[in-house]
Amino acid sequence: MLMVLLVKLWILQTLSVAKKKLLNKLPTILHKYLYPDTCPTVCKIWTSFEEYYNTISDFNLTNDCAINIYDKGKAWIKLFCSLKDLRRGYTRARVTPYMHLMVYHVPYFVQNYGCFKQFTGQGVEKNNDDAKSVKRIMLNPATPVPVDAEDNSSSGPNNSNTLNYRKSTVKELITIVKAKALHQKGLPKLKKVQLIALLEGS
């Protein structure tokens, strides 16, 4: 299970210093915790994975290395499955999609693009942060969505803070009216147009 977790982390981002230390140091202490008959193979699984990771992370990696990476990935899967008759959890059914990536997709990527280290997840993380912000605004009706820049241009320069209430639902508009303390008689019965007029007049 720990192996699968490590592979997932590796696929999602480059390994940090702590994870590299784990890959380097863990095989040397596994003998204290594993069955003696399978310990050498489990240690070899870890060291082979470290070797595989170091290979695909090498800045000097060329596109010609794709076959070598395929062979290393395939050998690693075979080594993993070699324990299937001795220990639970090492059958072919336990080969995860992340492990499949090592053999069949990473070599293709290396053949087309070279080293993995040239790519980072910062752009994806920024997009994720932006998406979370948008979702937070959409889920919090007390925070109306600002008007798009093109809508602002038609309403004049003085209305840059105008809120686009037309995109909000009636329920959201009622919440905004309550948040602004604009008490209106029969508030729940007001139509969307009336709520927008009330908010724009405030």
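Residues numbered from 1 in each chain as written. Predicted model: local features only at pLDDT ≥ 70, side-chain atom pairs only at ≥ 80, totals over all residues. Heavy atoms only, no water.

(A) The overall build of the protein, seen in detail. Counting its secondary structure elements, the protein contains 10 helices and 0 strands. Within the protein, buried positions represent 30% of all 202 residues. A sequence separation of at least 24 residues applies to 53% of the contacts in the protein between residues at least 6 apart. On the protein, roughly 13,600 Å² of surface is accessible, and the fraction owed to carbon and sulfur atoms is 56%. (Helix = DSSP H or I, 4+ residues; strand = E, 2+ residues; numbered from the N terminus. Buried < 20%, exposed > 50% of the residue type's maximum accessible area, 1.4 Å probe, protein only. Contact = heavy atoms within 4.5 Å. Areas by Shrake-Rupley, 256 points an atom, 1.4 Å probe, with all protein chains shown as cover.)

(B) Broad picture of the pattern of salt bridges. On inspection of all chains with the given rule, the structure shows 2 salt bridges. Between D37 and R87 there is a salt bridge, and its shortest N-O distance comes to 2.8 Å. Remark: R87 occurs in the loop between α4 (66-81) and α5 (97-104) and D37 occurs in the loop between α2 (17-29) and α3 (39-57); sequence separation between them is 50 residues. Given the relative accessible area of 22%, R87 is considered partly exposed. A salt bridge links E51 to K72; the nearest nitrogen and oxygen atoms lie 3.5 Å apart. Of this pair, E51 sits in helix α3 while K72 sits in helix α4, and the two are 21 residues apart along the sequence. For E51, a relative accessible area of 42% corresponds to the partly exposed category. (Salt bridge = Lys/Arg side-chain N within 4 Å of Asp/Glu carboxyl O.)

(C) Structural detail: the confidence of the model for the protein. Summary statistics for the protein give a mean pLDDT of 75 and a share of 66% for residues scoring 70 or more. Averaged pLDDT values for the elements of the protein fall to 42 in helix α8 (residues 149-155) and rise to 95 in α4. For residues 145-162, every residue scores under 50 in pLDDT, and the model assigns this stretch 14 contacts once sequence neighbours within four places are set aside. (pLDDT = per-residue confidence, 0-100.)

(D) Representation of the packing of α4 against helix α6 (residues 106-113) within the structure. The geometry of α4 relative to α6 is characterised by a closest axis approach of 8 Å and an angle of 165° between their N-to-C directions. For the element pair α4 / α6, the angle class is roughly antiparallel. Where α4 crosses over α6, the two elements pack in a sense that is right-handed. Mapping the contact onto sequence places A66, I69 and Y70 in α4 and V106, P107, V110 and Q111 in α6. (Axes fitted to C-alpha atoms, helices over the stretch in contact; angles between N-to-C directions. Parallel < 35°, antiparallel > 145°, perpendicular 65-115°, else oblique. Left-handed = near helix turned anticlockwise from the far one by under 90°.)

(E) Up close: the nonpolar core. Counting residues in hydrophobic clusters, the biggest one holds 26 residues, and the most contacted among them are I45, I69 and W76. When residues of this core are traced back to their parent elements, those giving at least two are α2, α3, α4, α5 and α6. Broken down by element, this core gets its largest block of residues, 8 residues, from α3. Sequence-distant contacts of I69, defined by excluding residues within four places in its chain, comprise Y52, T55, I56, L61, V106, P107 and V110. Counting 9 residues, the second largest nonpolar core, distinct from the first, contains Y165, I174, I176 and L190. (Core = buried A, V, L, I, M, F, W, Y, C linked by side-chain atoms within 4.5 Å.)

(F) How the structure looks around the packing of α5 against α6. Running from N to C, α5 and α6 point in directions that differ by 45°, and their axes come no closer than 4 Å. Taken together, the axes of α5 and α6 are oblique relative to one another. Facing α5, whose interface residues are L101, M102, V103 and Y104, α6 presents V106, P107 and Y108. Residues belonging to the contact of α5 with α6 are distributed by class as follows: 7 nonpolar, no polar and no charged. (Nonpolar A, V, L, I, M, F, W, Y, C, P; charged D, E, K, R; others polar.)

(G) Local environment of a positive patch on the surface. Taken together, the side chains of K74, K78, K84 and R92 make up a positively charged region of the molecular surface. Assignment of secondary structure puts K78 in helix α4. (Patch = residues over 30% accessible without salt bridge, like charges linked within 9 Å, V, L, I, M, F, W, Y side chains within 5 Å. Lys, Arg positive; Asp, Glu negative; His and termini not counted. Charge placed at Lys NZ, Arg CZ, Asp CG, Glu CD.)

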